[in-house]
Amino acid sequence: RKEVEQDPGPFNVPEGATVAFNCTYSNSASQSFFWYRQDCRKEPKLLMSVYSSGNEDGRFTAQLNRASQYISLLIRDSKLSDSATYLCVVTTYGNKLVFGAGTILRVKS
Amino acid sequence: DAGVIQSPRHEVTEMGQEVTLRCKPISGHDYLFWYRQTMMRGLELLIYFNNNVPIDDSGMPEDRFSAKMPNASFSTLKIQPSEPRDSAVYFCASRGLAGGPNSYNEQFFGPGTRLTVL
């Protein structure tokens, strides 16, 4: 079983739609959680950290459920520029990031 | 700030040849990471350094791979001899000093080196 699992998609949505991505992790000792964004043929970039209390950054909302070992990302009012691969990332001890395989989002006009 | 710099951006070589990938981390960052990304395996951590010292190389696939960090501003990842299955995008990332062993500071990735081994 992979340490971090994501639905690979692709998710094809129209502009303005709300889309949700899910991620599960297997190591209950995981301590930190993140969503990274990777554009085609580019490097990954941090989108947002994920906290147990949930956190929001503009149109993006991230949630963490430690009991279920489940992480989510909600994107509201999708823009064409949101098209990318979204990577779920966990760490067990500060320095090592473990990446999921990524979920592809395509927003169409 | 120029960000993490990697060279070359693209490398095409033949099986059996030596390949050297280079990375310059962000100035002042004391952690450096090497990752490999393939369609089949996704993004995998190969090795990371703290203050130029290798801390964890458990992700290095085999002895053909080696990494060095001779100083705070330069690191290399070498593959010798290269094989077609080494074809991938290799990313270098750096991070500033964390607040403690369980804290996290954002890792900044370089643009990657796209390696093709024929």
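Residues numbered from 1 in each chain as written. Chains lettered and ligands numbered in written order. Predicted model: local features only at pLDDT ≥ 70, side-chain atom pairs only at ≥ 80, totals over all residues. Heavy atoms only, no water.

Moving on: the interface of chain A and chain B. With 15 residues of chain A at the interface, the matching set in chain B holds 21 residues. Between chain A and chain B, roughly 1,700 Å² of surface is buried when both sides are summed, and carbon and sulfur atoms account for 50% of that area. Linking chain A with chain B are one salt bridge, by the criterion used here. For K96 of chain A, the salt bridge identified is with D56 of chain B, shortest N-O distance 2.9 Å. Taken together, the connections running from chain A to chain B amount to two residue pairs in polar contact (both at pLDDT 80 or more). Elements with a minimum of two residues in the side of chain A that touches chain B: β4 (32–38), β5 (44–50) and β10 (97–99) of chain A. The leading source of residues in the side of chain A that touches chain B is β4 of chain A, at three residues. (Contact = heavy atoms within 4.5 Å. Buried area = accessible area lost by both parts, 1.4 Å probe. Salt bridge = Lys/Arg side-chain N within 4 Å of Asp/Glu carboxyl O. Polar contact = N/O pair within 3.5 Å; in protein donor to acceptor, adjacent residues only side chain to side chain. Helix = DSSP H or I, 4+ residues; strand = E, 2+ residues; numbered from the N terminus.)

So, about the state of the cysteines. As enumerated under the stated definition, the model contains two disulfides over all chains in all. Through a disulfide, C23 of chain A is tied to C88 of chain A; the S-S separation comes to 2.0 Å. Between C23 of chain A and C88 of chain A, the disulfide has an S-S torsion of -75° and is therefore left-handed. Residue C23 of chain A is found in strand β3 (residues 19–25), and its partner C88 of chain A is found in strand β9 (residues 84–91); the two are separated by 65 residues along the sequence. Taken as a pair, C23 of chain A and C88 of chain A share a single burial class, namely buried. Put simply, C23 of chain B and C92 of chain B are joined by a disulfide, and their sulfur atoms are 1.9 Å apart. With the S-S dihedral at roughly -70°, the linkage between C23 of chain B and C92 of chain B falls on the left-handed side. Of this pair, C23 of chain B sits in strand β3 (residues 19–24) while C92 of chain B is found in strand β9 (residues 88–95), placing the two residues 69 residues apart along the sequence. Side by side, C23 of chain B and C92 of chain B carry an identical accessibility label, which is buried. (Disulfide = S-S within 2.5 Å. Buried < 20%, exposed > 50% of the residue type's maximum accessible area, 1.4 Å probe, protein only.)

Before going further, it helps to examine the nonpolar core. Grouped together as the largest cluster of nonpolar side chains are 23 residues, with contacts concentrated most on F21, W35, I71, L73, I75, Y86 and L105 of chain A. Elements supplying a minimum of two residues to this core: β3, β4, β5, β7 (60–65), β8 (70–75), β9 and β11 (103–108) of chain A. Here F21 of chain A is in contact with F11, W35, I71, S72, L73, I75, Y86, T103 and L105 of chain A, once residues within four sequence places are set aside. Listed in part, the 21 residues of the second largest apolar core include V19, I26, A88 and C92 of chain B. (Core = buried A, V, L, I, M, F, W, Y, C linked by side-chain atoms within 4.5 Å.)

Attention now moves to the sheet that holds β3 of chain A. All names here are of chain A. With antiparallel pairing, the five strands of this open sheet are ordered in space as β1-β3-β8-β7-β6. One side of each edge strand has no neighbouring strand; the edge strands of this open sheet are β1 (4–6) and β6 (55–57). On average, each strand axis in the sheet is tilted by 20° relative to the strand beside it, whichever way the strands run. The sheet contact formed by β3 and β8 spans six bridges and is antiparallel. Among the inter-strand pairings, V19 is bridged to a residue of β8, identified as I75. (Pairing = 2+ DSSP bridges. Axes fitted to C-alpha atoms, helices over the stretch in contact; angles between N-to-C directions.)

Residue and element names in this part refer to chain B. A full pass over the atoms with the stated rule returns 13 salt bridges over all chains. Residues R85 and E62 are paired through a salt bridge, measuring 3.2 Å at the closest nitrogen-oxygen approach. Placement of R85 in the loop between β8 (74–79) and β9 and of E62 in the loop between β6 (53–56) and β7 (65–71) is noted, with a sequence separation of 23 residues between them. On the basis of relative accessibility, which here comes to 55%, the residue R85 falls in the exposed class. Salt bridges here are not isolated pairs; linked through shared partners, they connect E62, R64, E83, R85 and D86.

Our next topic: the packing of aromatic side chains. The full count for this structure, using the stated rule, is 13 aromatic pairs over all chains. A ring pair is formed by F99 of chain A and F109 of chain B, whose centres lie 6.1 Å apart and whose planes are at 85°; its orientation type is edge-to-face. Linking F99 of chain A in strand β10 with F109 of chain B in strand β10 (residues 108–109), this pair reaches from one chain into another. For the pair shown, F99 of chain A and F109 of chain B are each scored as buried. Ring centres of Y35 of chain B and F109 of chain B lie 5.1 Å apart, and the angle between their planes is 35°; this geometry places the pair in the tilted category. (Phe/Tyr/Trp six-rings, centres within 6.5 Å; stacked < 30°, edge-to-face > 60°.)

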